[in-house]
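For reference, the chains in residue letters:
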There are 2 protein chains.
Amino acid sequence: MKPNFSLRLRIFNLNCWGIPYLSKHRADRMKRLGDFLNMESFDLALLEEVWSEQDFHYLRQKLLPTYPAAHYFSSGVIGSGLCVFSKHPIQEFTQHVYTLNGYPYMIHHGDWFCGKAVGLLVLHLSGLVLNAYVTHLHAEYNRQKDIYLTHRVAQAWELAQFIHHTSKKADVILLCGDLNLHPKDLGCRLLKEWTGLHDAYLETRDFKGSEEGCTMLPENCYVNQRELELFPFGIRIDYVLYKAVSGFYVSCKTLRTTTGHDPHSGTPLSDHEALMATLCVRHSPPQHTPSPTHGPAERSRLVSILKEAWIELDLGVAQARWWATFAGYVIGLGLLLLALLCALAAGGGVREVAILLWTPSVGLLLGAGAVYVFHMQEAKGLSGARAELQHVLGRAREAQNLGTESPPALLLQQEGDGTEEQ
Amino acid sequence: MKPNFSLRLRIFNLNCWGIPYLSKHRADRMKRLGDFLNMESFDLALLEEVWSEQDFHYLRQKLLPTYPAAHYFSSGVIGSGLCVFSKHPIQEFTQHVYTLNGYPYMIHHGDWFCGKAVGLLVLHLSGLVLNAYVTHLHAEYNRQKDIYLTHRVAQAWELAQFIHHTSKKADVILLCGDLNLHPKDLGCRLLKEWTGLHDAYLETRDFKGSEEGCTMLPENCYVNQRELELFPFGIRIDYVLYKAVSGFYVSCKTLRTTTGHDPHSGTPLSDHEALMATLCVRHSPPQHTPSPTHGPAERSRLVSILKEAWIELDLGVAQARWWATFAGYVIGLGLLLLALLCALAAGGGVREVAILLWTPSVGLLLGAGAVYVFHMQEAKGLSGARAELQHVLGRAREAQNLGTESPPALLLQQEGDGTEEQ
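The rules behind these values
- Residues numbered from 1 in each chain as written.
- Chains lettered and ligands numbered in written order.
- Predicted model: local features only at pLDDT ≥ 70, side-chain atom pairs only at ≥ 80, totals over all residues.
- Heavy atoms only, no water.
- Helix = DSSP H or I, 4+ residues; strand = E, 2+ residues; numbered from the N terminus.
- Rg over C-alpha atoms; globule rule 2.2 N^0.38 Å.
- Buried < 20%, exposed > 50% of the residue type's maximum accessible area, 1.4 Å probe, protein only.
- UniProt positions renumbered as here; feature names shortened; annotations may be inferred.
- Salt bridge = Lys/Arg side-chain N within 4 Å of Asp/Glu carboxyl O.
- Contact = heavy atoms within 4.5 Å.
- Buried area = accessible area lost by both parts, 1.4 Å probe.
- Polar contact = N/O pair within 3.5 Å; in protein donor to acceptor, adjacent residues only side chain to side chain.
- Least-squares fit on C-alpha atoms with pLDDT ≥ 70 in both.
- Phe/Tyr/Trp six-rings, centres within 6.5 Å; stacked < 30°, edge-to-face > 60°.
- Lys NZ or Arg CZ within 6 Å of the ring centre and 35° of its normal.
- Axes fitted to C-alpha atoms, helices over the stretch in contact; angles between N-to-C directions.
- Parallel < 35°, antiparallel > 145°, perpendicular 65-115°, else oblique.
- Left-handed = near helix turned anticlockwise from the far one by under 90°.
- Nonpolar A, V, L, I, M, F, W, Y, C, P; charged D, E, K, R; others polar.
- Pairing = 2+ DSSP bridges.
- Domains from an automatic or database assignment.

Caption draft 1: How the structure looks around the overall build of chain A. The helix and strand inventory of chain A stands at 8 helices and 13 strands. Over its C-alpha atoms chain A spans a radius of gyration of 24 Å, differing by no more than 12% from the 22 Å that the globule rule assigns to 422 residues. With the principal axes as the frame, chain A shows a C-alpha extent of 95 × 60 × 40 Å. Counting over 422 residues, chain A shows a buried share of 58%.

Below, the structure written as structure tokens:
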């Protein structure tokens with residue numbers, strides 16, 4: 001590859017809010033999204049919350065001339081909602097469904113039924129290997145009392161590990177999606193710190209769009225204003241993250257967001273704002289010396305984030321085990337009650353009452369059994385993530401203790417990280 | 001690294017049959033397994049079916065002086081059963097839980113509750129990166145009428161894809177485990193063909209052990225003889241598979257199996273036989289010219305296997321959708337029945353009968369709902385795997401059509417495959 005090699009990548013990301021029967025003006029918005037994507041002709045359009053596969057097939061047809069390659073990531077009961085349209089051929093794709101994704105009995109939240117996942121696409125562009133990831137993490141329904149916090153942290157860790165282990169031979173890594181994490185949330189810090197990914201909004205010098213890069217705005221007529229009560233300017237939960245490995249350098253030349261309206265006119269394309277980034281990949285080193293990113297301060301920050309995440313998962317394991325134990329006691333109680341009812345029904349006397357009480361007691365037993373199974377599974381899943389974190393934390397501490405002179409073995413995945421700082 | 005670099009790796013694999021309360025002589029077998037592993041001092045011991053974490057902790061303590069590094073892969077309701085003991089430090093580990101793993105209502109088979117997975121360990125040995133995978137696929141309970149065939153094929157594909165995407169920078173890849181697949185089964189062929197992994201039993205010149213390398217033998221007193229009725233010599237379902245990438249060469253110098261007895265005396269260590277392989281990794285090319293492995297015949301074989309797997313998954317998708325549709329009708333019927341019962345109860349007359357019938361109709365509704373959710377999830381999971389297969393199949397056909405002259409882009413993952421043929 002020539003030393004003056006340069007590649008421009010135009011990326012589009014949007015959480016489409018495409019819930020059949022529930023999302024307003026869905027068909028119209030899908031049509032306008034298709035028109036916009038065709039007109040703009042991005043290199044890669046990564047979409048979330050395309051819950052209806054019919055919508056995907058509609059877009060697939062509409063976008064075929066401009067984006068010959070497309071893929072829908074299928075998972076869960078409803079579908080992952082993730083899909084991608086690409087101007088360039090997709091060499092390979094695969095997906096990883098998150099082990100933990102909310103609770104099946106929280107039917108009104110529905111995340112469990114979606115099978116939230118991360119999708120991976122491998123593209124070969126002018127001899128460069130691009131690993132593009134698209135994801136959507138569990139939603140946050142109540143920031144003050146967030147019962148899904150542990151699951152979201154576990155998902156962020158699984159995402160970071162999936163990227164880490166599948167991108168070792170990639171030249172450029174790109175992650176787009178709705179993380180349902182504010183920039184300073186634990187999951188976001190963990191993801192960025194462990195993968196070394198850079199945030200397009202923070203890196204670019206040329207940003208135009210919503211205040212503070214927010215992707216859910218009070219101006220957007222589809223947004224539930226109550227959700228933004230604490231955040232008058234909106235929240236930033238959708239991201240374009242990237243990094244270069246193996247001697248390449250990548251920078252975010254421009255970043256645009258929509259601002260609560262259609263890019264041209266009319267109602268917005270979704271309840272989220274779209275992100276449009278222009279990345280520049282080069283084969284030459286940046287013009288200025290990048291500041292060192294693997295110093296003792298960075299190591300110490302990594303250790304502290306890993307520890308914070310470990311504590312969160314540890315709390316989650318304890319809570320899951322508590323629920324499983326509680327369900328275990330209820331199962332015991334249900335069995336006792338059932339035995340008693342059988343005895344009463346057989347002995348005559350209050351036979352009618354005994355038979356009538358069968359329904360709730362069998363229901364109790366089955367319900368408690370399901371809760372037990374679910375929370376045992378949760379505890380095991382969280383234990384798995386916690387063990388990985390503990391191992392990484394141990395190695396990060398070792399690296400920290402060895403001081404700045406010795407290269408931290410831990411940060412192997414960031415070797416040759418060539419992200420150009422702007 | 002010197003051209004005469006050479007590394008000898010001694011590997012141990014065993015499905016331990018460690019089901020609490022059910023497996024015979026478990027404690028005694030675990031003790032003897034620990035003694036044996038300590039005495040033999042392998043580089044890596046990979047175990048399956050260690051269902052009790054207490055057994056893992058017992059082995060952990062016992063093996064600590066010889067195997068300082070160990071890890072248990074936690075998942076599912078019971079645990080994945082997978083663990084590993086290593087003489088060398090483990091640099092990194094992670095796990096991938098299979099999307100599909102049997103049916104929750106097949107409680108007597110239990111696989112669904114185990115959270116079957118593949119565990120990955122990254123080891124750095126004398127500057128060489130070794131990716132070691134350990135796995136256990138869904139059991140086969142009835143070969144004539146195998147209701148889990150599709151799930152096992154999907155698992156084999158997920159395993160192959162996980163290895164493919166996570167091992168791109170590894171020098172040597174090792175996969176051990178109980179695949180529950182006979183050597184000529186579709187899943188096994190798919191796995192080997194897509195990853196390029198070589199079978200230690202077929203490759204080694206120095207094999208000692210059971211006839212045809214079988215790992216479940218009629219001689220083993222723990223084996224259910226009925227399971228082997230069709231196979232008088234036993235079956236081979238546990239494997240040591242390997243390959244080298246990036247200019248390294250690996251060969252299997254020796255392979256040993258136990259033969260239905262304890263390696264020294266007494267009852268066997270498990271109902272499966274242990275595999276003990278000595279692999280030799282070298283940095284120099286093999287002494288003879290290896291036969292070309294990417295010719296038109298190989299491509300045609302790959303295409304035919306991919307097609308076979310695609311058909312199997314397609315059948316699985318249709319069947320899962322049929323069950324979901326059937327459950328949908330039952331839900332409708334249950335709702336109608338419930339409405340009728342409510343009307344009867346309110347109207348007097350047969351009030352008592354109506355109330356009594358509430359139990360079965362609510363049960364029917366909930367049961368059908370669960371079946372619907374499960375089979376929808378199954379259909380989506382299988383669709384995801386089928387889409388990946390379809391993509392790969394398309395590219396394999398393209399490569400086939402391009403003929404032998406052009407390098408098949410498809411076989412990227414096998415580039416530089418340096419497995420030494422014996």
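Caption draft 2: Local environment of the UniProt feature "transmembrane region" (unreviewed entry) in chain A. Mapped onto this numbering, the UniProt entry gives "transmembrane region" (unreviewed entry) at residues 326–347 and 353–374 of chain A. Helix makes up 95% of residues 326–347 of chain A and strand makes up 0%, while its end C-alpha atoms are separated by 32 Å.

Caption draft 3: Up close: the pattern of salt bridges. One pass over the full model with this rule turns up 36 salt bridges over all chains. Of the charged contacts in the structure, one is a salt bridge between Glu92(B) and Lys168(A), with a shortest N-O distance of 2.9 Å. You can see Glu92(B) sitting in strand β5 (residues 92–97) and its partner Lys168(A) sitting in the loop between α4 (149–166) and β8 (172–178), one on each of two chains. With a closest N to O distance of 3.0 Å, Lys192(B) and Asp199(B) form a salt bridge. For the pair formed by Lys192(B) and Asp199(B), the shared burial category is buried.

Caption draft 4: Here's a closer look at the interface of chain B and chain A. Listed by partner, the interface residues are 43 residues for chain B and 43 residues for chain A. Carbon and sulfur atoms make up 58% of the area that chain B and chain A hide from each other, which totals about 3900 Å². Our count for the chain B to chain A interface comes out at 4 salt bridges. A salt bridge links Glu53(A) to Lys380(B); its shortest N-O distance comes to 3.0 Å. Scanning the region where chain B abuts chain A turns up 22 residue pairs in polar contact (both at pLDDT 80 or more).

Caption draft 5: Geometry of the relation of the copies chain B and chain A. Relative to chain A, chain B is turned by 180 degrees and slid 0.1 Å along the rotation axis, the superposed coordinates differing by an RMSD of 0.1 Å. Such a combination of rotation and displacement between the chain copies is what one expects of a two-fold axis. Among all residues of chain B, the one whose C-alpha sits closest to the rotation axis is Thr166(B), at a distance of 2.3 Å. Most of the interface of chain B is mirrored in chain A, where 100% of its interface residues are also at the interface.

Caption draft 6: Focus on the packing of aromatic side chains. Residue and element names in this part refer to chain A. Overall, the coordinates contain 36 aromatic pairs over all chains when judged by the stated rule. Summarising the aromatic geometry, the rings of Phe12 and Phe36 are spaced 6.0 Å apart at their centres and angled 55 degrees between planes, so their arrangement reads as tilted. Placement of the pair is Phe12 in strand β1 (residues 6–18) and Phe36 in helix α1 (residues 26–40), with a sequence separation of 24 residues. When sorted by exposure, Phe12 lands in the same class as Phe36, which is buried. Between the aromatic rings of Trp17 and Tyr222, the centroid separation amounts to 5.2 Å while the plane-to-plane angle is 45 degrees, which identifies the pairing as tilted. Of the two residues, Trp17 sits in strand β1 while Tyr222 sits in the loop between β10 (207–208) and β11 (238–244), which places them 205 residues apart along the sequence. Each member of the pair, Trp17 together with Tyr222, is buried. Among the aromatic residues, those joined into a ring-pair cluster are Tyr103, Tyr105, Tyr141, Tyr148 and Phe374. Directly above the aromatic system of Tyr222 lies the positively charged group of Arg29, at a separation of 5.3 Å from the ring centroid.

Caption draft 7: Inspection of the packing of α4(A) against helix α7 (residues 296–346) of chain A at higher detail. Residues and elements named next belong to chain A. Two elements in contact, α4 and α7, have axes separated by 9 Å at closest approach and are oriented at 130 degrees. Viewed along their axes, α4 and α7 adopt a mutual orientation that is oblique. Read as a crossing pair, α4 and α7 show a hand that is left-handed. The segment α4 lies against α7, with Leu149, Thr150, Val153, Ala154 and Trp157 engaging Leu306, Ala309, Glu312, Leu313 and Gly316. Grouping the amino acids of the contact of α4 with α7 by side-chain chemistry returns 7 nonpolar, 2 polar and 1 charged.

Caption draft 8: Geometry of the pairing of strand β6 (residues 117–125) of chain B. Residue and element names in this part refer to chain B. Counting buried positions over the 9 residues of β6 gives 8, a clear majority of the element. Pairing geometry for β5 and β6, over 6 bridges, is antiparallel. What sits directly across from His96, in β6, is Val118. Judged from the 8 bridges that link them, β6 and strand β7 (residues 128–136) form a sheet pairing that is antiparallel. Note on β7: the bridge partner recorded for Leu121 is Ala132. Connecting β6 to the antiparallel partner β7 that follows it, the hairpin turn spans 2 residues, and Ser126 within it adopts a positive phi of roughly 50 degrees.

Caption draft 9: Structural detail: the sheet that holds strand β2 (residues 44–50) of chain B. Residue and element names in this part refer to chain B. Taking strand neighbours across the sheet as the criterion, the 7 strands line up as β3-β4-β2-β1-β13-β12-β10 in an open arrangement whose pairing is mixed. In this open sheet, the two strands that pair with only one neighbour each are β3 (69–72) and β10 (207–208). The pairing of strand β1 (residues 6–18) with β2 spans 6 bridges and is parallel. Paired with Phe12 across the strands is Ala45, a residue of β2.

Caption draft 10: The arrangement of the domain arrangement of chain A in detail. Residues and elements named next belong to chain A. Assigned domains of chain A: these are domain 1 (6–283) and domain 2 (296–404). Placing a centre on the C-alpha atoms of domain 1 and another on those of domain 2 gives a separation of 31 Å. Contact residues are listed per partner, giving 19 residues for domain 1 and 19 residues for domain 2. Both faces combined, the contact of domain 1 with domain 2 buries some 1700 Å², and carbon together with sulfur accounts for 72% of it. Remark: the boundary between domain 1 and domain 2 carries 2 salt bridges. The partner of Glu308 in a salt bridge is Arg189, and the shortest N-O contact between them spans 2.9 Å. Across the domain 1-domain 2 interface, the total number found is 8 residue pairs in polar contact (both at pLDDT 80 or more). Listed by contribution, the elements that provide at least two residues to the side of domain 1 that touches domain 2 are α4 and α5 (186–195). For the side of domain 1 that touches domain 2, the leading source of residues is α4, giving 7 residues. Residues belonging to the side of domain 1 that touches domain 2 are distributed by class as follows: 12 nonpolar, 5 polar and 2 charged.

Caption draft 11: Representation of the side chain of Ser80(B) in the model. All names here are of chain B. Within the secondary structure, Ser80 is located in the loop between β3 and β4 (83–86). Since its relative accessible area comes to 1%, Ser80 is described here as buried. Here the side chain of Ser80 touches Phe73 through a polar contact of 2.5 Å, landing on its backbone oxygen. Engagement of the side chain of Ser80 in a polar contact is seen with the backbone nitrogen of Leu82, the distance being 3.1 Å. Apart from residues lying up to four places away in sequence, Ser80 is in contact with Trp51, Tyr72, Phe73, Ser75, Cys114, Gly115 and Ala117.

Caption draft 12: Representation of the sheet that holds β10(A) within the structure. All names here are of chain A. Across the sheet, which stays open at both edges, the 7 strands sit in the order β3-β4-β2-β1-β13-β12-β10 with mixed pairing between neighbours. If you trace the sheet from one side to the other, it starts and ends with β3 (69–72) and β10, each paired once. Both strand β12 (residues 249–257) and strand β13 (residues 275–282) contribute to a ladder of 8 bridges, which runs antiparallel. Directly across from Cys252, in β13, lies its bridge partner Leu279. Strands in contact with α1 are β1, β2 (44–50) and β13; relative to β1, the strand with the most contacts, it is inclined by about 175 degrees. Packed onto the sheet, helix α2 (residues 53–63) meets β1, β2, β3 and β4 (83–86) and runs at close to 180 degrees relative to β3.

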